[in-house]
Amino acid sequence: MTYFSGIVDEHDHVRLGGYPGAFRDLGVRVEEFFPLRREESVRLDEGTADVWTELLHRAGADVVARYVDGPLPGVLAVTRRTVRDGVAWYVGTRHDRGGTHRLVRRVLADAGADPVREVTLGVEVVRRVGSDRAYLFVANHTAQPVDLAALGTELLTGAPCDGSVRVGAGEVAVVRQSD
């Protein structure tokens, strides 16, 4: 979860008893909020962040990253805690694009979730497997076309995919994969 999580309930009522409210038992306690000015950013152990920082205290979680400068130098910014059969991550700031990408890759690797395809930043690939077929969903959020390995039929155009599918800038593709 990210900064300012768990503060209110489903009726938008502030939860009493400390923050992150509904998630207090996941290993971190927020003492104070430190929103940043529009042009302000902070450095972390790896990357930069903007918009928001929080004065966090460990309450059982492991420290993943700390602020290097800004209003909270040395204070933890990202934590991780094993909880029963899972893992809870808390991110007390908004990472830049590269930092978000690295963090998500780390969280996915930690969960044992391998990527469907290695793609460039801005390309989203999801694979869904049914009882008799597998489908590849590709969303290209970039300004350039991308080519991805694929065998089957692209369902939006009906075109065969004999090794790859080209997805234009800002476009999507759905491939019914062949065996």
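See the structure shown above.
Conventions we followed
Residues numbered from 1 in each chain as written. Predicted model: local features only at pLDDT ≥ 70, side-chain atom pairs only at ≥ 80, totals over all residues. Heavy atoms only, no water. Helix = DSSP H or I, 4+ residues; strand = E, 2+ residues; numbered from the N terminus. Polar contact = N/O pair within 3.5 Å; in protein donor to acceptor, adjacent residues only side chain to side chain. Contact = heavy atoms within 4.5 Å. Pairing = 2+ DSSP bridges. Axes fitted to C-alpha atoms, helices over the stretch in contact; angles between N-to-C directions. Expected span 1.5 Å × (residues − 1). Phe/Tyr/Trp six-rings, centres within 6.5 Å; stacked < 30°, edge-to-face > 60°. Buried < 20%, exposed > 50% of the residue type's maximum accessible area, 1.4 Å probe, protein only.

*Asks:* Explain the side chain of Thr 93 to me, please; I cannot follow it from the model alone.
*Replies:* Summarising the element assignment, Thr 93 is placed in the loop between β7 (86-91) and β8 (94-95). Within the structure, Thr 93 has its side chain in polar contact with the backbone oxygen of Trp 52 (distance 2.5 Å). Apart from the residues lying within four places of it in its own chain, the contact partners of Thr 93 are Tyr 3, Leu 44, Ala 49, Asp 50, Trp 52, Thr 53 and Tyr 67.

*Asks:* Explanation requested: unusual backbone geometry in the structure shown.
*Replies:* Most peptide bonds take the trans configuration, and most residues that are not glycine carry a negative phi. Tyr 19 connects to Pro 20 through a cis peptide bond whose omega is 20°. Take Pro 20: it is sitting in the segment before β1 (28-35). Unlike most non-glycine residues, Asp 12 shows phi in positive territory, near 65°. Counting through the fold element by element, Asp 12 comes out in the segment before β1.

*Asks:* What am I meant to see in the sheet that holds strand β6 (residues 76-83) here?
*Replies:* The strands that make up a sheet pair up through hydrogen bonds in the backbone, lying either parallel or antiparallel. Spatial strand order, β5-β6-β7: three strands in an open sheet with antiparallel pairing. Every other strand in the sheet has two partners, leaving β5 (62-66) and β7 as the edge strands with one partner each. Here the average twist between neighbouring strands, direction ignored, is 20°. As defined by bridge partners, β5 adjoins β6 across four bridges and the pair is classed as antiparallel. Looking at the pairing, Ala 65 lines up with Val 78 of β6.

*Asks:* Please explain helix α1 (residues 97-111) as it appears in this structure.
*Replies:* Since the α-helix packs 3.6 residues into each turn, any two residues three or four apart lie on the same face. Its 15 residues place the ends of α1 21 Å apart at the C-alpha level, agreeing with the 21 Å of an ideal helix rising 1.5 Å per residue. With its phi angle positive at about 75°, Gly 112 sits one or two positions after the end of α1.

*Asks:* Even after reading the chapter, I still don't get the packing of aromatic side chains, so can you show me in this structure?
*Replies:* The description of an aromatic ring pair rests on the distance of the ring centres and on the angle between the ring planes. Scanning the model with the defined rule gives five aromatic pairs in all. Seen from their ring centres, Phe 4 and Phe 33 are 5.1 Å apart, and the 65° between their planes marks the pair as edge-to-face. Remark: Phe 33 occurs in strand β1 and Phe 4 occurs in the segment before β1; sequence separation between them is 29 residues. Accessibility expressed as a relative area gives 43% for Phe 4, which makes it partly exposed. Taking the centre distance of 5.8 Å and the plane angle of 40° together, the rings of Tyr 19 and Phe 33 count as tilted. Of this pair, Tyr 19 sits in the segment before β1 while Phe 33 is found in strand β1, placing the two residues 14 residues apart along the sequence. Look at Tyr 19 and you get partly exposed, because its relative accessible area is 22%. Classification of Phe 33 by relative accessible area gives partly exposed; the value is 22%.

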